[in-house]
Each structure stands twice: as structure tokens, then as C-alpha cells.
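# Descriptive analysis of the structure
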Amino acid sequence: MCSLEKRDNVYILTLIGDDQHRLNPTLLDAISAALHRVRSETIATSSSSALITTSHGKFFSNGYDLDWSLSDPSRPKIMSLKLRSVIKDLLSLPMPTIAAITGHASAAGAILALSHDYVYMRKDRGFIYMSEVDIGLKLPAWFVTVLRCKIGSPAVWRDLVLRGRKLTAEMAVEKGVIEAACESAEMTVEKAVELGEELVMRRWKGHVYADNRLTVFGDVLKAMEFDEIVEDLDLNRVRNNMARL
């Protein structure tokens, strides 16, 4: 489901395979295990590190695995809890984090990407897209809190949420959603590695970096304590909405 490699002091977590990298418990548990390994190794060595998250294939992540979750009323809650746990792990990681988006990042997949400190994206393929309005799903309040923390313009996150606007890399740079648009998938990862190496050279204390990030994202952490959507989800309505698309 994912691999973890290390180039000097830069970790690269890759969602492997050519599927849509839908966020189901299997993938989320694999990501969580990789993050725990990165945290443990960094703390054990007291080293300055950085993390890059990227993917293989057409998608960075196409969001929640709705086919898996809609077969049982308990599954949406499980999936939401596991994603929120991964986001909390990212926000508390004692190092800078960079998302290298080499394909589409949709819905919960976009939230996963935007929960990194920096976001690079290839400009020859892919977009950031909040698909909920198009597939008839209410957006969790904590998703909106992430968008508000990461995107300065209310008009931009309004269009993402209420118009389902798809942003290419160049559009996302123009609107202040991401840091850079890169020429190809390979260049996106390489530029992310360059940034990671630059940040590692600052030799920040990991726990201080993490504490400061947690302060910045205090509103996100508070919002993630509860996901009102999975507490009152009408599975039949969601199935009907998806069937009409």
C-alpha cells in the first residue's frame, strides 16, 4: 500500500500502485505505521529530518473508499477515525512535511495533501478537487477548518467547496493553495526533496517545530475531535446520489 525510503535525512513516503489510493483502513493503517516509524527513528537519533508524501499512478488520492464504507453503517465512522488519526500524526510529526502531488488529489485526498506544511504539484496532470458537492455528500466541518487554515482567500475555498472547482497546479499556485507547480511527476518529487534538504539544514529541534505547528493548527485539532457527518449518515441517500452521477 505504501513504501518508505530515506535519502540522507529526508524520508519519502510513497503510496504505491496504479490505483486511486482510496483512503480505507488498510491504506490509512499503512500510512500510520510509516509515520510512526519516521517519528521513532527521528526521536531515537535526535536528528533533523523532513518528510515527503507522494504517490504512484494517476492519483495522489481520490478520497475516501466509499465502496468499502457504504456496505456497513459502522464503516464510515471507522474510516473517519483513522483519517483523523493520520492527520493528527502529521500535525504532531517533529519535522517539516511536504506533499508532492503527482496526480489528482480529491476530497479527503486533498485534505490529506493540504495537511502537510508545504505542497508541490505537477502541472502536466492532476488537480485538487473537493468533490462532495458533486456526489451529494455533506462536507465534514473539520475539512472546512483545514481549508480555512491552509487557504487565505475565502473566495477560493468557497469555490472549492460550493462550486466543486477543480484546480490545476498552476491555478493552485496563483490562488495561494500550493507552493509550486513542477514540470513532471519526477520533478515534483525532486523539488520536494530539495526543499526537504534545505529545511533539514536549519537543524530545528523537532519537538519545538511540532509544538509550534500544533499551536498554528489548534483550530483543526479541536474540530477533528468530532465528525458530525459519520454520526448521522444516510447510506441509502449517498448510494442514490452516487448512482445518479
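Below: a short report on this structure. Because the structure is predicted, anything quoted here is derived from the model rather than measured. The residue numbering used here restarts from 1 in each chain and proceeds along that chain's sequence as written. A pLDDT threshold of at least 70 governs which residues receive local features in this predicted model, and a stricter bar of 80 or more applies before side-chain atom pairs are shown or counted, although totals over entire chains, interfaces and linings include all residues. As a convention, hydrogens and water are excluded, and side-chain values are obtained from all of the structure's heavy atoms.

On to the packing of aromatic side chains, then. In this analysis, rings of Phe, Tyr and Trp, with Trp reduced to its six-membered ring, are considered paired at centre separations within 6.5 Å, and the interplanar angle assigns stacked below 30 degrees, edge-to-face beyond 60, and tilted for intermediate values. Tallying each qualifying case throughout the model produces 4 aromatic pairs. With a centroid separation of 4.8 Å and 90° between ring planes, the pair formed by Trp142 and Phe143 is classed as edge-to-face. Residue exposure (1.4 Å probe, protein chains only): buried if accessible area is under 20% of the type maximum, exposed if over 50%, otherwise partly exposed. Under the relative-accessibility criterion, Trp142 is labelled buried at 0%. An aromatic cluster of three or more residues is present, and its members are Tyr64, Trp142 and Phe143. Only when the NZ of Lys or the CZ of Arg is both within 6 Å of the ring centre and within 35 degrees of the ring normal is a charge said to sit over the ring. Across the ring face of Tyr129, the terminal group of Lys166 is positioned such that the distance to the ring centre comes to 4.8 Å.

Okay, helix α9 (residues 185–200) next. With 16 residues, α9 should cover 22 Å at 1.5 Å per step; its first-to-last C-alpha distance of 23 Å lies within 8% of that length. In this text, helices come from DSSP runs of H or I with a minimum length of four residues, and strands from runs of E with a minimum of two, each type numbered from the N-terminal end. Where α9 is concerned, the buried positions are Ala185, Thr188, Val189, Ala192, Val193, Leu195, Gly196, Leu199 and Val200. Take α9 and look down its axis: the buried residues cluster within an arc of 165°, on one side only. Facing away from the buried side of α9, by more than 90 degrees, are the exposed residues Glu186 and Glu198. To estimate how far a helix should reach, multiply one less than its number of residues by 1.5 Å. The directions considered for the arc run from the helix axis to the C-beta atoms.

Attention now moves to the packing of helix α1 (residues 25–45) against helix α3 (residues 75–92). In contact at an axis separation of 10 Å, α1 and α3 are set at 20° when each is read in the N-to-C sense. The pairing of α1 with α3 is recorded here as roughly parallel in orientation. With respect to the hand of their crossing, α1 and α3 are arranged in left-handed fashion. Of the residues in α3, those in contact with Pro25, Leu28, Asp29, Ile31, Ser32, Leu35, His36 and Arg39 of α1 are Ile78, Met79, Lys82, Leu83, Val86, Asp89, Leu90 and Ser92. Simply put, an axis is a line fit to the C-alpha atoms, just over the touching stretch for a helix, and the angle between two N-to-C directions goes from 0 to 180 degrees. Throughout this description, any angle smaller than 35 degrees is read as roughly parallel, any larger than 145 degrees as roughly antiparallel, any in the 65 to 115 degree range as roughly perpendicular, and the remainder as oblique. Should the near helix be turned anticlockwise from the far one by less than a right angle, the crossing is left-handed, and should it be turned clockwise, the crossing is right-handed. Every residue pair with non-hydrogen atoms within 4.5 Å of one another is taken to be in contact.

With that settled, the discussion passes to the nonpolar core. The nonpolar core is taken to be a set of buried Ala, Val, Leu, Ile, Met, Phe, Trp, Tyr and Cys residues, with the residues joined through side-chain atoms within 4.5 Å. Ranked by size, the top nonpolar core spans 59 residues in total, and within it Leu13, Leu51, Tyr64, Leu83, Trp142, Phe143 and Val177 carry the most contacts. Formed by 14 residues, the second largest nonpolar core is a distinct cluster that contains Val10, Ile98, Tyr120 and Leu199.

On to the environment of Met224, then. Examined against the element boundaries, Met224 turns out to sit in the loop between α11 (218–223) and α12 (228–231). Residue Met224 is classed as buried on the basis of its relative accessible area of 1%. C-alpha separation for the pair Met224 and Trp142, spaced 82 residues apart in sequence, amounts to 5.5 Å. Other than its neighbours up to four places away in sequence, Met224 contacts Arg84, Ile87, Lys88, Leu91 and Trp142.

A word on the sheet that holds strand β7 (residues 118–122). Taken in spatial order, the 6 strands make up an open sheet running β1-β2-β3-β5-β7-β9, and their pairing is mixed. Taken across any chain shown, the strands that pair with only one partner, and hence form the sheet edges, are β1 (2–7) and β9 (180–182). On average, adjacent strands in this sheet sit at an angle of 20° to one another, irrespective of strand direction. Of the pairings in the sheet, the one linking strand β5 (residues 97–101) to β7 comprises 4 bridges and is parallel in character. Residue pairing for β7: Ile98 is matched across the bridge by Tyr118. Paired strands are those between which DSSP finds at least two bridges.

Right, let's talk about the sheet that holds strand β8 (residues 128–129) for a bit. The parallel open sheet is built from 3 strands, whose spatial order is β4-β6-β8. Unpaired on one side and paired on the other, β4 (59–61) and β8 mark the two borders of the sheet. Here β4 runs beside strand β6 (residues 104–106); their pairing, made up of 2 bridges, is parallel. The partner of Phe59 across the bridge, within β6, is His104.

Two kinds of site are reported from a 1 Å grid over the protein atoms alone, namely cavities, where a 1.4 Å probe fits but cannot get out, and pockets, open sets with protein on both sides within 12 Å along at least five of seven lines, and residues are called lining when an atom falls within 4 Å of a point. Grid points are joined across faces, edges and corners, and a volume is the space filled by probe spheres set on the points. Under the criterion given, the structure shown has 2 cavities of 30 Å³ or more. Size it by volume and the largest cavity reaches roughly 80 Å³. Surrounding the largest cavity, Ser47, Ser48, Ser49, Pro94, Met95, Pro96, Leu199, Val200, Trp204, Lys205, Gly206 and Tyr209 form its lining. Contributions of two or more residues to the lining of the largest cavity are made by α9 and α10 (206–216). Amino acids outside the nonpolar list (Ala, Val, Leu, Ile, Met, Phe, Trp, Tyr, Cys, Pro) and the charged list (Asp, Glu, Lys, Arg) are all regarded as polar, and Gly is one of them. Here the lining of the largest cavity is built from residues that sort into 7 nonpolar, 4 polar and 1 charged. Approximately 30 Å³ is the volume found for the second largest cavity. If you go around the second largest cavity, the residues you meet are Ile31, Leu35, Thr53, Val86, Leu90, Leu112 and His116. Elements supplying a minimum of two residues to the lining of the second largest cavity: α1 and α3.

Shape descriptors only; they carry no functional weight alone.
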